[in-house]
Amino acid sequence: MADKKARQSPGQQRKGRGKWQRLPLSELTEPVIPYSDWSVIPEAEQAKVLRDLEVLCYSTCPHIARMHRYDTSKGHEASPTRRSVVAIDCEKVLVGRGQSEVVQVCAVDVLSGEILVDKGVVPTKPVTDWCTPWSGMTPGRLENMKRKGKTVNGWTEARAEVFKFVDDDTILVGHALQNDVRALEMRHIKVLDTATVTKHAVTKEMVGSGCKRTWKLKTLCHDFLGINIQQSRNGHNCVEDTLATREVLLWCVRNPDKLKKWATDQSAAIKTVPSSRSSAQEAEDDIPSASVEDWL
């Protein structure tokens, strides 16, 4: 029995504790996701969680101003399937020098955990690099999704899939969200970016200076949830990354004291690292706006 428990993942060991149960991930998702249990918020608690997310949203929204040049979700016809909080993730491939296009889009209802969108996207231009270690996509996998009727054509149809569930009142959630809205050529005002939320938490603990770095989704999942994502040799899994982003955000909202302690520890660590090494660490963990690291 002891050996069996030792082999369990941290997420499995926590399964069933407290009021927060776990949501099994669809077995139809490819490639197979190693960590398959995610939080379910009881319906009676969803209104409170939504209020907490709205408060957090209004405190972190100013950074969205840099997205002003993209199309907006405001003005499209409201959908009866519209959700209050939606997490998204886009995987991208290269279609030329310095050019990329979305090749997969996923969307998850943050309150219910329902997978709303999981579509492969056929690029509008010839692919020059599939970036499989990051995108998780190959020509064969995209063709397989196409045979199953799980693809759309180009970023405009991908965005239309998201707009089935998102309007201008929806809180849009992501990790390094600017990269996802750029891929879909959209602009959105009400946002929660887990990279920004955690960076702001550390900044609050740094007297006299701001935090110049962000933390990868993989790092936050390890630090907050005790789980390891992005372990597949086949590249990242878009659904896994979307659900992981949701889980990190919910953890931040549910555990403000733990978030503050984590931020305090990170602030102290940054201050004790020599400046040259600190810069290198920031370069490794930060999420620049135009590199492969955007997709991590």
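Residues numbered from 1 in each chain as written. Predicted model: local features only at pLDDT ≥ 70, side-chain atom pairs only at ≥ 80, totals over all residues. Heavy atoms only, no water.

Undergrad: What is the right way to look at the packing of aromatic side chains in this model?
TA: Here the distance between the centres and the angle between the planes together describe a pair of aromatic rings. Tallied over the full model, the rule gives 3 aromatic pairs. Consider the rings of Trp 215 and Trp 262, whose centres lie 5.2 Å apart with planes at 70°: the pair is edge-to-face. Note that Trp 215 is positioned in the loop between α8 (194–204) and α9 (217–225) and Trp 262 in helix α11 (residues 256–272), a separation of 47 residues in sequence. Owing to a relative accessible area of 1%, Trp 215 belongs among the buried residues under this scheme. Relative to Trp 262, the ring of Phe 224 lies with its centre 5.0 Å away and its plane at 80°, an arrangement referred to as edge-to-face. Highlighted residues: Phe 224 in helix α9 and Trp 262 in helix α11, separated in sequence by 38 residues. Each member of the pair, Phe 224 as well as Trp 262, is classed as buried. Grouping aromatic residues by their ring pairs yields a cluster made of Trp 215, Phe 224, Trp 251 and Trp 262. (Phe/Tyr/Trp six-rings, centres within 6.5 Å; stacked < 30°, edge-to-face > 60°. Helix = DSSP H or I, 4+ residues; strand = E, 2+ residues; numbered from the N terminus. Buried < 20%, exposed > 50% of the residue type's maximum accessible area, 1.4 Å probe, protein only.)

Undergrad: Hey, could you run me through the nonpolar core in this one?
TA: Side chains that are nonpolar tend, in soluble globular proteins, to be buried together. In this structure, Leu 53 and Phe 224 are the most contacted members of the largest nonpolar core, which totals 42 residues. Breaking this core down by element, the ones donating at least two residues are α3 (43–60), β4 (85–96), β5 (99–109), β8 (171–174), α8, α9, α10 (238–254) and α11. Looking at which element gives the most residues to this core, the answer is α10, with 10 residues. In this structure, Val 86, Val 117, Ala 158 and Val 181 belong to the second largest nonpolar core, which totals 22 residues. (Core = buried A, V, L, I, M, F, W, Y, C linked by side-chain atoms within 4.5 Å.)

Undergrad: How do you make sense of the sheet that holds strand β6 (residues 115–122) when you look at a structure like this?
TA: Strands belonging to one sheet form pairs held by backbone hydrogen bonds; the direction of such a pair is parallel or antiparallel. Strands sit in the order β7-β6-β5-β4-β8-β10 across an open sheet of 6 strands; the sheet is mixed. The open sheet is flanked by β7 (151–153) and β10 (191–193), the only strands paired with a single partner. Going across the sheet, the axis of each strand differs from the next one's by a mean of 30°, ignoring polarity. Summarising the sheet, β5 and β6 pair through 5 bridges and their orientation is antiparallel. Bridging from a neighbouring strand, Val 108 pairs with Ile 115 of β6. Packing of α3 onto the sheet brings it into contact with β4, β8 and β10, and relative to β10 it is tilted by some 80°. Seen against the sheet, α10 touches β4, β5, β6, β8 and β10 and runs at an angle of roughly 55° to β5. (Pairing = 2+ DSSP bridges. Axes fitted to C-alpha atoms, helices over the stretch in contact; angles between N-to-C directions. Contact = heavy atoms within 4.5 Å.)

Undergrad: When you look at the packing of α8 against α11 in this model, what are you seeing that I'm missing?
TA: Two numbers describe a pair of packed helices, the interaxial angle and the distance between the axes. Two numbers describe how α8 lies on α11: the axes approach to 8 Å, and their chain directions differ by 70°. Classed by the angle they form, the pair α8 and α11 counts as roughly perpendicular. When you trace α8 past α11, the crossing you get is right-handed. Along its contact with α8, which presents Thr 198, Ala 201 and Val 202, the element α11 presents Leu 259, Trp 262, Ala 263, Gln 266, Ser 267 and Ile 270. (Parallel < 35°, antiparallel > 145°, perpendicular 65-115°, else oblique. Left-handed = near helix turned anticlockwise from the far one by under 90°.)

Undergrad: I tried to follow helix α5 (residues 139–147) on my own but got confused; where do I start?
TA: Think of an α-helix as 3.6 residues a turn; residues three or four steps apart then line up on the same face. Regarding α5, the residues found buried are Arg 141, Leu 142, Asn 144 and Met 145. Taken down its axis, α5 places every buried residue within 160° of arc, on the same side. Residues of α5 that are buried sit in contact with β5, β6 and β7. One or two steps after α5, the chain reaches Gly 149, where phi turns positive at roughly 75°. (Arc of directions from axis to C-beta.)

Undergrad: Is there a simple way to think about the pattern of salt bridges in this case?
TA: If you walk through the whole model with that rule in mind, you get 9 salt bridges. Between Asp 52 and Lys 48 there is a salt bridge, and its shortest N-O distance comes to 2.9 Å. Taken together, the residues Asp 52 and Lys 48, both in helix α3 and 4 residues apart, mark about one turn of the helix. Put simply, Arg 82 and Asp 167 hold a salt bridge, and the shortest N to O gap is 3.1 Å. Highlighted residues: Arg 82 in the loop between β3 (71–72) and β4 and Asp 167 in the loop between α6 (154–163) and β8, separated in sequence by 85 residues. Residue Arg 82 is classed as partly exposed on the basis of its relative accessible area, which comes to 30%. (Salt bridge = Lys/Arg side-chain N within 4 Å of Asp/Glu carboxyl O.)

Undergrad: Is there a simple way to explain α10 in this structure?
TA: Here α10 spans 24 Å end to end across 17 residues, near enough to the 24 Å set by a 1.5 Å rise per residue. Of the residues flanking the start of α10, the one acting as N-cap is Asn 237, its side-chain oxygen 3.0 Å from the backbone nitrogen of Val 239. (Expected span 1.5 Å × (residues − 1). Polar contact = N/O pair within 3.5 Å; in protein donor to acceptor, adjacent residues only side chain to side chain.)

Undergrad: Could you clarify how one ought to interpret the pairing of β6 in this entry?
TA: On a regular strand, each side chain points to the face opposite its neighbour's, so the side chains alternate between the two faces of the sheet. Remark: 5 residues form the turn of the hairpin made by β5 and β6, two consecutive strands paired antiparallel; Gly 113 in that turn has positive phi of roughly 80°. Where β6 meets β7, 3 bridges bridge the pair, whose relative direction is parallel. Bridging from a neighbouring strand, Val 121 pairs with Val 152 of β7.

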